[in-house]
Amino acid sequence: MRTQAGLIEIHEIATKVQSKALQARAETVFEAVAKSLGLGTEELADRLVPELADADLTFGDLRAMFDTSLVPSLHAGDGSIVDKPRDADEVARWKALEKMCKTVARTQLARLEQLLADGHRMPYAHFSEIYLMHSLIRHLARGLVWGAYRNGTLERAFAIAADGPIGIDGRPLELAIDAAYGVVHPVELADADRVAWRH
């Protein structure tokens, strides 16, 4: 079973069901599929989140935008925010987008918390594909402090703005492609930096 829907179902079972036997079986299947694709389980899990095209975010003359919790809102050309699409035929599609965003936010935020707890690091290629460029996940990534690591040591902390990575001073910065990346734990930061990142 390699369809996206099937893999999503297996991943849900592997991470959420109460039955230990069923959970273990789902984990085994998910790991086997990831291995056959040349991916780690975390990489495959990230790739299960659907990408949205420009058309998916357009509702007549309105455009869907997201905050750092992945809550969507509809914006008109003049910058005003509208509660729902003006075209009644688009309302169902808007509600489906809201529901999907809620599901993605819940699962991905839980995964990000686990990555932080585990001290998980990833290569630049995976980090940039998912957390800098993915149409949905990149919005969640903007609410975190990220780090570039070498030999397990934090080399540089940064955040992700709408236009890309920024340093603690708010200036754009380029990321090294040979570093590893992960969510920064507050204890890794100096006291002054910890305060600065909160603002």
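For clarity, every value in this text was computed on a predicted model and none was experimentally measured.

Participant: Got a minute to help me understand the packing of aromatic side chains in this structure?
Facilitator: Aromatic ring pairs are reported here in terms of the distance separating the ring centres and the angle at which the planes meet. For the structure on display, the rule yields eight aromatic pairs. Judged by centre distance (4.8 Å) and plane angle (45°), the rings of Tyr-131 and Trp-146 are tilted. Of this pair, Tyr-131 sits in helix α5 (residues 124–132) while Trp-146 sits in strand β6 (residues 146–150), and the two are 15 residues apart along the sequence. With respect to class, Tyr-131 is no different from Trp-146; both count as buried. The ring centre of Tyr-149 lies 3.7 Å from the NZ or CZ of Arg-121, which sits over that ring.

Participant: How should I be thinking about the nonpolar core in this particular structure?
Facilitator: A general tendency of soluble globular proteins is for nonpolar side chains to be buried together. By size, the foremost hydrophobic cluster in this structure holds 35 residues, and its most contacted members are Leu-70, Phe-127, Tyr-131, Leu-136, Trp-146, Phe-158 and Tyr-181. For this core, the secondary structure elements donating two or more residues are β2 (62–66), α4 (91–118), α5, α6 (137–141), β6, β7 (153–161) and β9 (180–183). Residues Tyr-149, Ala-157, Val-184 and Trp-197 belong to the second largest nonpolar core, which totals seven residues.

Participant: Looking at this model, I keep getting lost on the sheet that holds β9. Mind explaining?
Facilitator: To summarise the sheet geometry, strands pair through backbone hydrogen bonds and adopt either a parallel or an antiparallel arrangement. Strands sit in the order β5-β9-β6-β7-β8 across an open sheet of five strands; the sheet is antiparallel. Strand pairing shows two members of the sheet lacking a second neighbour, β5 (122–123) and β8 (164–166), which therefore form its edges. Sheet analysis places β5 next to β9, joined by two bridges and oriented antiparallel. Within β9, the position partnered with Met-122 by the bridge is Tyr-181.

Cut-off values and rules
- Residues numbered from 1 in each chain as written.
- Predicted model: local features only at pLDDT ≥ 70, side-chain atom pairs only at ≥ 80, totals over all residues.
- Heavy atoms only, no water.
- Phe/Tyr/Trp six-rings, centres within 6.5 Å; stacked < 30°, edge-to-face > 60°.
- Helix = DSSP H or I, 4+ residues; strand = E, 2+ residues; numbered from the N terminus.
- Buried < 20%, exposed > 50% of the residue type's maximum accessible area, 1.4 Å probe, protein only.
- Lys NZ or Arg CZ within 6 Å of the ring centre and 35° of its normal.
- Core = buried A, V, L, I, M, F, W, Y, C linked by side-chain atoms within 4.5 Å.
- Pairing = 2+ DSSP bridges.

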